[in-house]
Amino acid sequence: MNAPTHATHLIPEIHQREVPQALVDALKARFGERCSTALVVREQHGRDESSFAAPPPSAVVFAESTQDVADAVKLASAYSVPVIPFGVGSSLEGHLLAVQGGISLDVSRMNRVLSINAEDLTVTVEPGVTRKQLNEEVKSTGLFFPIDPGADATLGGMSATRASGTNAVRYGTMRENVLALEVVTASGEVIHTGSRAKKSSAGYDLTRLMVGSEGTLGVITAVTVKLYPLPEAVSAAICSFPSIEAAVRTTIQVIQMGIPIARVELIDHNTVRMVNAHSKLGLREEPLLLMEFHGSPAGVKEQAELVQEIAAEFGGNAFEWATTPEERTRLWAARHNAYFAAIQSRPGCRAISTDTCVPISRLADCLLESITEVDTSGIPYFLVGHVGDGNFHFGYLIDPTLPAEREIAEALNHKLVARALSLEGTCTGEHGIGLHKMDFLVTETGAGAVNMMRTIKQALDPKNIMNPGKIFTL
């Protein structure tokens, strides 16, 4: 396999392309006050949750319709200027950075639920609809959308990055849950992929091509996704363990026994300590699993009892159960607040987040060796994981003013990814490639596969204006 670039060179390459004043004038003529060149607006749209920095875009266009998106892309195409789609800015791999300049196309105002088809368990939304907004809109139907990446991300962004999150072990990822898309291509043409039918053999699967393309092939302007019946009963539980290994071994056995657990999240003792301080909780500062069970009351009770028996075999203790929504929210606050709790634990730090995923049988091997490495390094870190599907995240907390800390963190990340790939895993389970993992993509898939991706990109975007500089370079 190809060796990835040395860790200290994973800084984005900045190759700014000219944005002619004539284009800015044309955008302002078309969009009026919805085209902004104010520095504060451009800076807001020129950063995400990654640790990278790049110059802001030259302008920000706030789209309110598919026609707005099409017109903005057509104007940008006429001047060969990059277009970077923007939702809420929660991506972690530099997806939103204008590394080649251009305009940021903000679709957050495209936030309408277009149609709810409760009988077919589907809903169609504009790309700026967030997951929490969607669930609020459909709750009266007795249905819900289960994909939960933690942040209140937009459905457009979640589709573009092929997001997943805490419920993936039961309900899958965006790959399995997106049925159809409306997309504005690099030429400004509006196309439709897929349908509301649950299956199709009609031609190339363009929906799957666009899901996970990270804005490099087009701008998503509508998404049709699956909905699921709200479970009759939901129960959550926290269980502490004497070691990370005990928690992981419990998870592996739960999955291999086929227990239909809905969520199973690992939080290490560092993260528990940070969350306790941030959210004023009193969790035992030991590794813990945070679990959730969905189904009938009898089914949930049976699942929970089986998992408690398995956990006890590995030293699991201090089970805490929650059946009311308020109690479950309190318990899940530990997981959802982990990132921000970690950031606040070291004022002024930035987090370099990892995102490997391995087959469940290899999870303990990958995770335990990686913990030993980071403990030895001296870099502060937090660890959380959607361990039910073999996906976990280290967050290395570095001082951005100390290059040596970044070098150590990137070296740790390289070792982690190399280990995951050697165990037949992947360099990213859900965050995407963006800027940070381009070399890893070549290592994982091989030069031939990446060249095929380049061929598709060049065919669909010959001027290389759709979020250029992400996933791979041309």
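Position numbers for residues count from 1 along each chain, tracking the sequence in the order it is written. A pLDDT threshold of at least 70 governs which residues receive local features in this predicted model, and a stricter bar of 80 or more applies before side-chain atom pairs are shown or counted, although totals over entire chains, interfaces and linings include all residues. Hydrogens are left out, water is left out, and the side-chain values use all remaining heavy atoms of the structure.

For glutamate 126, the position within the fold is in the loop between strand 6 (122–125) and helix 4 (131–138). Categorising residues by exposure relies on relative accessible area from a 1.4 Å probe, with only protein chains included: less than 20% of the type maximum marks a residue as buried, more than 50% marks it as exposed, and the intermediate range marks it as partly exposed. Its relative accessible area of 4% is what places glutamate 126 among the buried residues. A contact between two residues is defined here by any heavy atoms of the two lying within 4.5 Å. Beyond its immediate chain neighbours, meaning those up to four positions away, glutamate 126 contacts Met110, Asn111, Arg112, Leu114, Thr221 and Ala222. Segments assigned H or I by DSSP are reported as helices when at least four residues long, segments assigned E as strands when at least two residues long, and all are numbered from the N terminus.

We now examine helix 1 (residues 21–31). Of the positions making up helix 1, those classed as buried are Leu23, Val24, Leu27 and Phe31. Buried residues of helix 1, viewed axially, fall in a sector of 100 degrees; they line one side. Seen from the buried face of helix 1, the exposed residues on the opposite side, beyond 90 degrees, are Gln21 and Ala29. Those residues of helix 1 hidden inside the fold are in contact with strand 1 (35–36), strand 2 (59–62), helix 3 (66–78) and strand 4 (103–106). Positive backbone phi, at 60 degrees, marks glycine 32, one or two positions downstream of helix 1. What the arc measures is the spread of directions leading from the helix axis to the C-beta atoms.

With that settled, consider the packing of aromatic side chains. Centres within 6.5 Å make a pair out of two Phe, Tyr or Trp rings, where for Trp the six-membered ring is used; the pair is then stacked when the planes are under 30 degrees apart, edge-to-face when over 60, and tilted otherwise. Counted according to the given criterion, the structure contains nine aromatic pairs. Judged by centre distance (5.6 Å) and plane angle (90 degrees), the rings of phenylalanine 144 and tyrosine 171 are edge-to-face. Of this pair, phenylalanine 144 sits in strand 7 (residues 143–144) while tyrosine 171 sits in helix 6 (residues 168–171), placing them 27 residues apart in sequence. The residues phenylalanine 144 and tyrosine 171 share a single accessibility class, namely buried. With a centroid separation of 5.2 Å and an interplanar angle of 25 degrees, the aromatic rings of phenylalanine 319 and tryptophan 321 are classed as stacked. Charge over a ring is defined by NZ of Lys or CZ of Arg lying within 6 Å of the ring centre and within 35 degrees of the ring normal. Cation over ring: arginine 30 sits above phenylalanine 31, and NZ or CZ is 4.5 Å from the ring centre. A cation over a ring is seen here: arginine 263 above tryptophan 332, with NZ or CZ 4.5 Å from the ring centre.

With respect to topology, four strands assemble into an open sheet ordered 1-2-4-3, the strand pairing being mixed. Of all strands in the sheet, those bounded by a partner on one side alone are strand 1 and strand 3 (83–86). Here, a strand pair is defined by DSSP locating no fewer than two bridges between the strands. In terms of strand pairing, strand 2 meets strand 4 through four bridges, oriented parallel. Following the sheet pairing, valine 60 is matched in strand 4 by serine 104.

Right, let's talk about the pattern of salt bridges for a bit. Here a salt bridge means any side-chain nitrogen of Lys or Arg lying within 4 Å of a carboxyl oxygen belonging to Asp or Glu. Tallied over the full model, the rule gives 22 salt bridges. A salt bridge links glutamate 410 to arginine 406, with the shortest nitrogen-to-oxygen separation between them at 3.4 Å. Of this pair, glutamate 410 and arginine 406 both sit in helix 15 (residues 403–422), separated by four residues, roughly a single helical turn. Taken together, the shared-partner salt bridges connect Arg30, Arg34, Asp68 and Asp71 into one network.

Structurally, histidine 294 can be placed in strand 14 (residues 288–295). When its relative accessible area of 4% is taken as the criterion, histidine 294 is described as buried. Residues within four places of histidine 294 in sequence aside, it is in contact with Asn167, Arg170, Tyr171, Pro231, Ala233, Val234, Ala262, Val300 and Gln303.

A separate point is unusual backbone geometry. Trans is the common state for peptide bonds, and a negative phi is the common state for residues other than glycine. Residue arginine 162 is not a glycine yet carries a positive backbone phi of 55 degrees. Among the secondary structure elements, arginine 162 is positioned in the loop between helix 5 (155–160) and helix 6. The exposure class of arginine 162 is partly exposed, given its relative accessible area of 39%.

Moving on, we come to a nonpolar patch on the surface. Nonpolar side chains collect at one region of the surface, where Met452, Ile456 and Leu460 lie side by side and expose about 260 Å² of accessible area between them. Mapped onto the elements of the fold, methionine 452 is located in helix 17 (residues 447–460). Without a salt bridge and with relative accessible area above 30%, a residue can belong to a patch; like charges are then joined within 9 Å and nonpolar side chains (Val, Leu, Ile, Met, Phe, Trp, Tyr) within 5 Å. Computed by Shrake-Rupley with a 1.4 Å probe, the accessible areas treat only the displayed protein chains as cover when residues are assessed.

Our focus in this paragraph is helix 4. Think of an α-helix as turning once every 3.6 residues; residues three or four places apart then point the same way. Within helix 4 the residues assigned to the buried category are Arg131, Leu134 and Val138. Looking down the long axis of helix 4, one finds its buried residues gathered within 60 degrees of arc, a one-sided arrangement.

Joining through side-chain atoms within 4.5 Å is the link that ties buried Ala, Val, Leu, Ile, Met, Phe, Trp, Tyr and Cys residues into a set, and such a set is a nonpolar core. Leu266, Met291, Leu367, Leu383, Phe394 and Tyr396 are the most contacted members of the largest nonpolar core, which has 45 residues in total. For leucine 383, the contacting residues outside a window of four places in its chain are Ile244, Leu266, Ile267, Asp268, Thr271, Leu367, Ile371, Phe392, His393 and Phe394.

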